[in-house]
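Letter by letter, the chains look like this.
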Amino acid sequence: MRGTESRRVAFTLDGLKINDTSNVDRQFDAAFISSPFLKEVIVHRGPQAVMYGSDAMGGIIEFVSRKGDEAPETRLLVNGGSFGTIDATLSSDWKNKYNRGTLTMTRFHTDGISRLNEKRFHAKEKDSTDITQVTSSSSHQLGEKIVTNLLASYNHGNAEQDQFGID
């Protein structure tokens, strides 16, 4: 958020706080949130500490996942660009009388550019990035007054920087 440090912004996904608690600054990296998985993004600017805790002094960003909102529907999105960039997403929304959900699979690859200065270091190699994400979000009505939500996600990323792979 403009005018505040990133550690002062809280993030939620379907009401669950997703700031990194292992980080001293409790910062969140949104690199693994794919947009086809999301239904909406809500931004609350300004102090929200009373409702969301001290890490929301600058504001809060709420991610809301799709849960079969477009069921039945299956989508395939493919995007490409320069530097060998390709982004492909396959998602499917489903629902029946008591259950609904979304399953999303995303694959992103780019050959990238060298992070070293080509003129100074004679850098010819490129620094590639690969990201794979499989995410499922669903809602299940177990009884008249009992509704449960399930969110499952698998993320794997690999960023190669100057001939050193980082997982």
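In this text the structure is predicted, and so the values were computed from the model without any measurement.

Visitor: Break down a nonpolar patch on the surface for me, citing the residues and quoting the values.
Guide: A contiguous nonpolar surface patch, about 700 Å² in accessible area, is contributed by L76, V78, I86, L90, L103, M105, V134 and Y154. As for its position among the elements, L103 is in strand β7 (residues 99-110).

Visitor: Explain the packing of aromatic side chains to me, using residue names and the numbers behind them.
Guide: A complete count under the given rule lists 1 aromatic pair for this structure. Considering the side-chain rings of F11 and F63, the 6.1 Å spacing of their centres and the 15° angle between planes classify their relative orientation as stacked. With F11 in strand β1 (residues 9-13) and F63 in strand β4 (residues 59-65), this residue pair connects regions lying 52 residues apart in the sequence. Taking the relative accessible area as the measure of exposure, F11 reaches 12% and is therefore buried.

Visitor: Now, about the pairing of β1: what can you tell me, with residues and values included?
Guide: Counted residue by residue, β1 has 5 buried out of 5 residues, so it is predominantly covered. A two-sided burial pattern is seen for β1, the buried positions comprising V9, F11 and L13 on one face and A10 and T12 on the other. Two strands pair when backbone bridges link them, and β1 and β4 are joined in this way by 5 bridges, in the parallel orientation. Of the residues in β4, the one forming a bridge with V9 is G59. Pairing of β1 with strand β2 (residues 16-17) involves 2 bridges; the strand directions are antiparallel. Across the sheet, residue T12 finds its bridge partner in β2, namely K17. Following β1, the chain reverses through 2 residues before pairing antiparallel with β2; D14 in that reversal takes a positive phi of roughly 55°.

Visitor: I'd like a rundown of the pattern of salt bridges, residues and numbers included.
Guide: All told, the structure shown has 4 salt bridges when counted by the stated rule. R66 is the partner of D93 in a salt bridge, and the nearest nitrogen-oxygen pair spans 2.4 Å. With D93 in strand β6 (residues 85-95) and R66 in the loop between β4 and β5 (73-81), this residue pair connects regions lying 27 residues apart in the sequence. Accessibility assignment for this pair places D93 and R66 in one class, buried.

Visitor: So what about the nonpolar core? Which residues, and what values?
Guide: Considering soluble globular proteins, one finds that nonpolar side chains tend to be buried as a cluster. By size, the foremost hydrophobic cluster in this structure holds 7 residues: V9, F11, L13, F37, L38, I61 and F63. Those elements that place two or more of their residues in this core are β1 and β4. Here this core takes 3 residues from β1, the largest share from any one element.

Visitor: For the environment of R2, give the residues involved together with the corresponding values.
Guide: Within the secondary structure layout, R2 lies in the segment before β1. R2 gets classed as exposed once you look at its relative accessible area, which sits at 87%.

Conventions we followed
- Residues numbered from 1 in each chain as written.
- Predicted model: local features only at pLDDT ≥ 70, side-chain atom pairs only at ≥ 80, totals over all residues.
- Heavy atoms only, no water.
- Patch = residues over 30% accessible without salt bridge, like charges linked within 9 Å, V, L, I, M, F, W, Y side chains within 5 Å.
- Areas by Shrake-Rupley, 256 points an atom, 1.4 Å probe, with all protein chains shown as cover.
- Salt bridge = Lys/Arg side-chain N within 4 Å of Asp/Glu carboxyl O.
- Helix = DSSP H or I, 4+ residues; strand = E, 2+ residues; numbered from the N terminus.
- Phe/Tyr/Trp six-rings, centres within 6.5 Å; stacked < 30°, edge-to-face > 60°.
- Buried < 20%, exposed > 50% of the residue type's maximum accessible area, 1.4 Å probe, protein only.
- Pairing = 2+ DSSP bridges.
- Core = buried A, V, L, I, M, F, W, Y, C linked by side-chain atoms within 4.5 Å.

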